Amino acid sequence: MNQTTSSGASGPNAPAGKVWLVGAGPGDPDLLTLRAARLIMSARLVVHDGLVDPRILAMAPAGARLISVAKRRSRHSMPQDEINALLVREALAGGDVLRLKGGDPFIFGRGGEEAEACLAAGVTVEVVPGISAAVGAGAAALLPLTHRDAASVVSFVSGQCKGLSDQNWVGLAGVGRTLVIYMGLATAAQIAEKLIADGLSPETPLAVVENATRPDMRVLRSPLAALADLVERERVQSPALIIIGAVTARAPSEIRQVALEAIK
């Protein structure tokens, strides 16, 4: 598969194919890059994450093979090592592989691991960046991640990383800073406790952006101390980001409502 076509050769004697690590962006198909859209529309094999919007998957040709390797907390349809092996196996058999990931492949997308596995096996890899979930959520909710009067530093962290309690987040949130937490719903209570223990005020404002850029997007707000209650009460589901800092209070409520209506 090049930018417009995909190779049909396969078998043990076929030349090795190529793996494309492609960012599908935060959800809305209109936010795909032109290169990503062209590759999807010419793909013969798409290995995709579970959070890729169905409208984006529908852009693939009718005869394309679609393989879901969806990940959810404590339930993986395919472990990461097997995903790596799948990409390598298909490419070495002569087929080009479109590995489609939500957001950007190199921001909490395990794209680095997959690229390393392919390169170690002699498979050519190309990365097509996508609009990250944080950038997409901020834009869709009219929440500037940086603002001259509110924040000059923005940090991205994973709320589902190993040893969350041992992670050093000191200084990542506070005055003049924005903290964006990916995959933090299941650990919302621990996240709030951790940040407050690090010295952040329990009254620090935050926003939870659910299904950013999609028709059912929600923007929910609370002080830091009430984060876990908000997630439980509103039954927030993935994909969702937690944005912590003064920037979350920048957009007037009527503007936020206009933003929500505009994407419906």
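This text goes with the structure placed above it.
Quantities reported herein were computed from a predicted structural model and do not represent experimental measurements.

### Side note on a nonpolar patch on the surface
Side chains of Phe108, Val135, Val154, Phe156 and Met183 sit close together on the surface and give an oily, nonpolar patch of about 380 Å² of accessible area. Among the residues examined, Phe108 registers a relative accessible area of 38% and is labelled partly exposed.

### With respect to the sheet that holds strand β10 (residues 205–210)
Spatial strand order, β8-β9-β12-β10-β11: 5 strands in an open sheet with mixed pairing. Sheet topology places β8 (151–158) and β11 (218–223) at the edges, where each strand pairs with a single neighbour. Averaged over all pairs of adjacent strands, the angle between their axes in this sheet comes to 20°, without regard to strand direction. By the bridge criterion, 6 bridges tie β10 to β11 in an arrangement that is antiparallel. Following the sheet pairing, Glu210 is matched in β11 by Arg218.

### Quick word on the nonpolar core
Core analysis: the largest hydrophobic core is formed by 23 residues, its most contacted members being Trp169, Leu179, Ile181, Leu195, Val208, Leu227 and Ile244. Elements that contribute at least two residues to this core include exactly β9 (176–182), α6 (188–197), β10, α7 (227–233) and β12 (240–244). When residues in this core are grouped by element, the largest group, 4 residues, is from α6. Once residues lying within four places of it in the same chain are set aside, the contact partners of Leu227 are Ala188, Ile191, Ala192, Leu206, Val208, Ser222 and Ile242. Of all hydrophobic cores here, the second largest spans 18 residues; its members include Ala24, Ala37, Ile40 and Ala64.

### With respect to the packing of helix α3 (residues 80–92) against helix α4 (residues 111–120)
One can describe the packing of α3 onto α4 by two numbers: an axis separation of 9 Å at closest approach and a directional angle of 45°. Put simply, α3 runs oblique to α4. Crossing of α3 over α4 shows right-handed handedness. Of α4, the residues touching α3 (which contributes Gln80, Ile83, Asn84, Leu87 and Val88) are Glu113, Glu114, Ala117 and Cys118. Residues that form the contact of α3 with α4 fall into these classes: 5 nonpolar, 2 polar and 2 charged.

### Some details on unusual backbone geometry
The omega torsion across Ser238 and Pro239 is 0°, close enough to zero to call that bond cis. Here Pro239 shows up in the loop between α7 and β12. For Arg110, which is not glycine, the phi torsion reads 60° and is therefore positive. Within the secondary structure, Arg110 is located in the loop between β6 (97–101) and α4. The class of Arg110 is partly exposed, set by a relative accessible area of 37%. Even without a glycine there, the phi angle at Arg235 is positive, about 50°. Mapped onto the elements of the fold, Arg235 is located in the loop between α7 and β12. A relative accessible area of 67% means that Arg235 is categorised as exposed.

### So, the packing of aromatic side chains
Enumeration over the complete set of coordinates arrives at 2 aromatic pairs. Taking 4.9 Å as the distance between ring centres and 55° as the angle between the ring planes, the aromatic pair formed by Phe108 and Tyr182 counts as tilted. Of the two residues, Phe108 is situated in the loop between β6 and α4 and Tyr182 in strand β9; the sequence distance between them amounts to 74 residues. Given the relative accessible area of 8%, Tyr182 is considered buried. Taken together, a centroid distance of 5.9 Å and an interplanar angle of 65° make the contact between Phe156 and Tyr182 edge-to-face. Taken together, the residues Phe156 in strand β8 and Tyr182 in strand β9 connect sequence positions 26 residues apart. Here the aromatic cluster, defined as three or more aromatic residues joined through ring pairs, consists of Phe108, Phe156 and Tyr182. Between Lys194 and the ring centre of Trp169, over which it is positioned, the NZ or CZ distance is 5.4 Å.

Conventions and cut-offs
Residues numbered from 1 in each chain as written. Predicted model: local features only at pLDDT ≥ 70, side-chain atom pairs only at ≥ 80, totals over all residues. Heavy atoms only, no water. Patch = residues over 30% accessible without salt bridge, like charges linked within 9 Å, V, L, I, M, F, W, Y side chains within 5 Å. Areas by Shrake-Rupley, 256 points an atom, 1.4 Å probe, with all protein chains shown as cover. Salt bridge = Lys/Arg side-chain N within 4 Å of Asp/Glu carboxyl O. Buried < 20%, exposed > 50% of the residue type's maximum accessible area, 1.4 Å probe, protein only. Pairing = 2+ DSSP bridges. Helix = DSSP H or I, 4+ residues; strand = E, 2+ residues; numbered from the N terminus. Axes fitted to C-alpha atoms, helices over the stretch in contact; angles between N-to-C directions. Core = buried A, V, L, I, M, F, W, Y, C linked by side-chain atoms within 4.5 Å. Contact = heavy atoms within 4.5 Å. Parallel < 35°, antiparallel > 145°, perpendicular 65-115°, else oblique. Left-handed = near helix turned anticlockwise from the far one by under 90°. Nonpolar A, V, L, I, M, F, W, Y, C, P; charged D, E, K, R; others polar. Phe/Tyr/Trp six-rings, centres within 6.5 Å; stacked < 30°, edge-to-face > 60°. Lys NZ or Arg CZ within 6 Å of the ring centre and 35° of its normal.

What is shown is where atoms sit, not what they do.
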